[in-house]
Each structure stands twice: as C-alpha cells, then as structure tokens.
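Residues per chain are reported as follows:
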Amino acid sequence: MRYIGGKSLLLNNIQNAIIQYTDGNVKKITDIFSGSGVVGKFMKEQGYSIISNDLLYFSYAIARGTTGVNSVPKFKSLEIKDPIGYLNQIVEDTDSLNRENCFIYENYSPNENCERMYFQNDNALRIDIIRKQIEDWKHDELITEDEYYYLLASLLQAVPYVANITGTFGSYLKFWDKRTYNRLTLEPPQIIKGKKCECYCGDYTKILSKKSDVLYADPPYNSREYLPNYHVMETIARYDNPVIRGVTGIRDYSEQKSAFCKKATVEEAFKKLIEGSNSRYILISYNNEGIISTEALSAICKAYAVPDTFRLIESDYRRYKNKIPNNTEGLKEQLYFLKRR
Ligand SMILES: C[S@@+](CC[C@H](N)C(=O)[O-])C[C@H]1O[C@@H](n2cnc3c(N)ncnc32)[C@H](O)[C@@H]1O
C-alpha cells in the first residue's frame with residue numbers, strides 16, 4: 001500500500017548498507033517502525049529473521065498476517081477451503097445485507113446520518129460484513145491466530161483500492177473517484193517461507209531490549225502524526241466502535257502520539273532509541289529536512305558509536321508520483337549507520 005515515508009523504493013539501499021558496513025554476520029533485523037511492512041517483508045525474503053513493531057494496530061495487523069506467517073494457512077477447523085473466496089462472495093448482494101451495527105457504513109459512507117464520502121455504500125457494507133465475519137470466526141475458535149491475521153491483512157490491504165482518497169485517510173474527496181466504483185475484493189496475502197518472525201504493536205521503547213543484529217529505525221521525519229492519516233484503517237483493524245469526531249470522523253489518538261513528531265522531544269527520542277538498543281548495529285532512515293538537523297542527529301549517533309564506525313549515506317530523494325519515481329530538488333534520503341558501543 002502507499003504509505004507516507006514508505007521505503008519501497010529504497011529497499012536495496014537499506015540492504016546494501018547492511019551488507020557493506022556490518023561484519024557480514026547479520027541474521028536478525030528489528031524493523032521497529034514497520035509502517036506498511038515493506039522493509040520487514042523484503043528482509044524476510046532476503047533470508048533474515050525479523051522483529052517488527054509499530055505504534056499503529058493496523059500496521060501491526062498487516063505485518064502479523066504477512067511477514068508474521070510462515071506458510072499459507074490451511075483453515076482446518078473452519079472447514080471452508082477458500083475463506084478469501086468465501087468472504088468475497090458473502091457480500092455479493094449488498095441489498096439484502098443487514099445494515100445494523102455496521103460502523104464503517106454508518107460513519108464513513110453517505111447515508112441519512114452521515115455526509116462522509118470515504119466509501120461507496122456497498123463497499124462500506126462489505127468492509128463491515130467481512131470484518132465481523134473474521135471476528136466471529138475468531139470468537140468461535142474456528143481460526144488460529146495466524147489465520148485471523150492473514151484474513152485481516154487481506155481485508156486491510158484491499159481497502160485503499162476502493163477508498164475515496166488521494167493517498168491518505170486524512171481527508172476524503174468531495175466527488176467520487178472512479179476507483180471507488182470498483183468492488184472491494186480481497187486477495188490472498190503473499191506469504192514468504194523463511195525464518196521465524198515476531199510482530200509487536202506498541203511504543204518503540206518497549207521493543208528496544210529485544211536482541212537483534214541490526215536495529216533498523218524509520219521514524220516519522222516531521223510533525224505529521226500517522227494516526228490522523230490512517231484513522232479509518234486503524235478503526236477497521238481494531239473494529240472497536242470508537243468515539244469519533246469532526247468532518248473526517250477521526251478517533252482519539254492521544255495515546256498514539258509520537259515523540260518523533262515534536263521538536264521538543266525528538267532529540268531525546270533518538271537518544272533513547274540508540275542508548276536503549278540491544279542490537280549490535282543501528283541503521284536509521286531519515287532525510288535532510290526532518291525536524292532534527294543532520295548535524296544534531298549525526299552528533300547523537302557518533303556519541304554512541306564505536307570510533308570510526310559512523311557513516312552517513314545520502315541519496316537523492318525519490319517519491320512516487322503517478323506511480324513514476326520522481327526526483328525532488330535538494331531533498332536527500334539519508335541512512336545513518338553505526339556500530340553500537
Ligand atoms: C516513516 S514510517 C515507516 C515506514 C515504513 N518503513 C515503510 O516502509 O512503510 C514511520 C512509522 O513509525 C510509526 N511510529 C511513530 N512513532 C512511533 C513510536 N513511538 N513507536 C513505534 N512506532 C512509531 C508510525 O506509526 C509509522 O508507521
């Protein structure tokens with residue numbers, strides 16, 4: 001999925017830094033700000049064992065249901081051979097669906113009580129019915145934890161393709177984009193056979209003590225918090241009927257604010273990250289226009305580095321525009337590498 005600060009164009013740069021600057025004996029990588037999950041997935045494909053973590057539950061659910069699963073689930077207890085095909089067809093005829101307690105339909109698609117235009121009515125209903133079915137199977141102990149997150153990841157990955165947005169859920173369009181007329185369709189998540197992966201959902205400080213060879217850290221670069229931009233995804237993942245407010249129907253996120261998004265706390269947050277890490281090497285993704293300057297972040301890294309191991313690797317920033325990588329004048333992607341003292 002398209003994700004703010006997503007690293008799909010930089011996966012090789014990240015791996016090259018690990019190959020070039022470490023002792024070559026790297027087996028386990030912690031992806032502590034996993035976001036869309038592309039880095040963890042790529043590293044698993046390259047043969048590494050992964051610990052992944054993010055503050056947002058929907059990000060965790062995607063990682064847990066993809067990188068966190070090691071073989072395509074068999075759904076033995078459910079006795080449905082193809083649950084994804086089943087979920088796609090239970091919502092074939094949306095006219096006959098029971099519209100009660102359908103949180104997404106009630107709050108994010110236009111009806112007598114709601115003006116929000118995140119989804120067309122039938123797709124909003126499909127999201128609700130599928131989400132509730134997955135939860136019921138879990139409640140009735142018909143699916144394992146792997147199977148639960150595999151199905152949830154499949155639903156979450158399908159949602160952006162029918163959402164009436166221009167990239168994030170921070171706002172919705174006031175006219176229907178043509179993609180919203182597509183029918184919500186779940187696809188089986190890609191499962192990679194590989195080393196065992198652990199997935200967590202929480203503040204980075206809770207994960208630092210876990211031992212790995214490389215701590216890969218890709219925190220937010222600016223004051224833009226992630227939850228407001230993905231609040232609908234978070235609510236579909238949690239499906240917890242939150243109190244919502246405002247034009248966009250945002251949920252409360254006071255518990256999910258990031259220390260990396262505030263000038264007053266970002267320096268301390270980086271110090272904690274490096275000082276508290278139980279990994280031999282640290283690799284940080286950032287850019288030269290972030291809320292902490294290149295000089296300040298370099299100084300923090302050097303303070304904790306084995307002498308002469310600190311490296312700053314810069315490359316021209318590329319962003320997806322209409323699916324074509326674009327150069328943006330002056331902006332540099334950065335990788336800060338160090339061996340921890
Ligand atoms: C730049 S994005 C990561 C992008 C990811 N590498 C990718 O390629 O998709 C930063 C991520 O950090 C997460 N985050 C921010 N503050 C956090 C914290 N204190 N603890 C854990 N995760 C945090 C955000 O939810 C967001 O997903």
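## Structural notes on the domain arrangement of the protein
You can read the domains of the protein as domain 1 (1–71 + 196–220 + 259–341) and domain 2 (73–190 + 223–257). Relative placement of domain 1 and domain 2: their C-alpha centres are 28 Å apart. Listed per partner, the contact involves 18 residues of domain 1 and 26 residues of domain 2.

## Let's talk about the packing of helix H3 (residues 57–65) against helix H8 (residues 231–238)
A pair of packed helices can be characterised by two numbers: the angle between their axes and the separation between those axes. Across the interface, H3 lies against H8 with an axial gap of 8 Å and an inter-helix angle of 60 degrees. Of the possible angle classes, the one that applies to H3 and H8 is oblique. Counting all contacts with H3, which are made through Tyr57, Phe58 and Ala61, the residues of H8 involved are Met233, Glu234, Ala237 and Arg238. Partitioning the contact of H3 with H8 into residue classes produces 5 nonpolar, no polar and 2 charged.

## Section: the nonpolar core
Judged by nonpolar contacts, the single largest core of 93 residues is most densely connected at Ala61, Leu152, Leu155, Leu156, Val159, Met233 and Leu283. No other element matches helix H7 (residues 145–158), which puts 8 residues into this core. Three or more residues apiece are contributed to this core by two domains, here domain 1 (1–71 + 196–220 + 259–341) and domain 2 (73–190 + 223–257). Excluding its chain neighbours within four sequence positions, the residues that come into contact with Leu152 are Ala61, Gly65, Ile134 and Ala237.

Calculation notes
Residues numbered from 1 in each chain as written. Predicted model: local features only at pLDDT ≥ 70, side-chain atom pairs only at ≥ 80, totals over all residues. Domains from an automatic or database assignment. Contact = placed C-beta atoms within 7 Å. Axes fitted to C-alpha atoms, helices over the stretch in contact; angles between N-to-C directions. Helix = DSSP H or I, 4+ residues; strand = E, 2+ residues; numbered from the N terminus. Parallel < 35°, antiparallel > 145°, perpendicular 65-115°, else oblique. Nonpolar A, V, L, I, M, F, W, Y, C, P; charged D, E, K, R; others polar. Core = buried A, V, L, I, M, F, W, Y, C linked by C-beta atoms within 7 Å. Buried ≥ 20, exposed ≤ 12 C-beta atoms within 10 Å, placed from the backbone.

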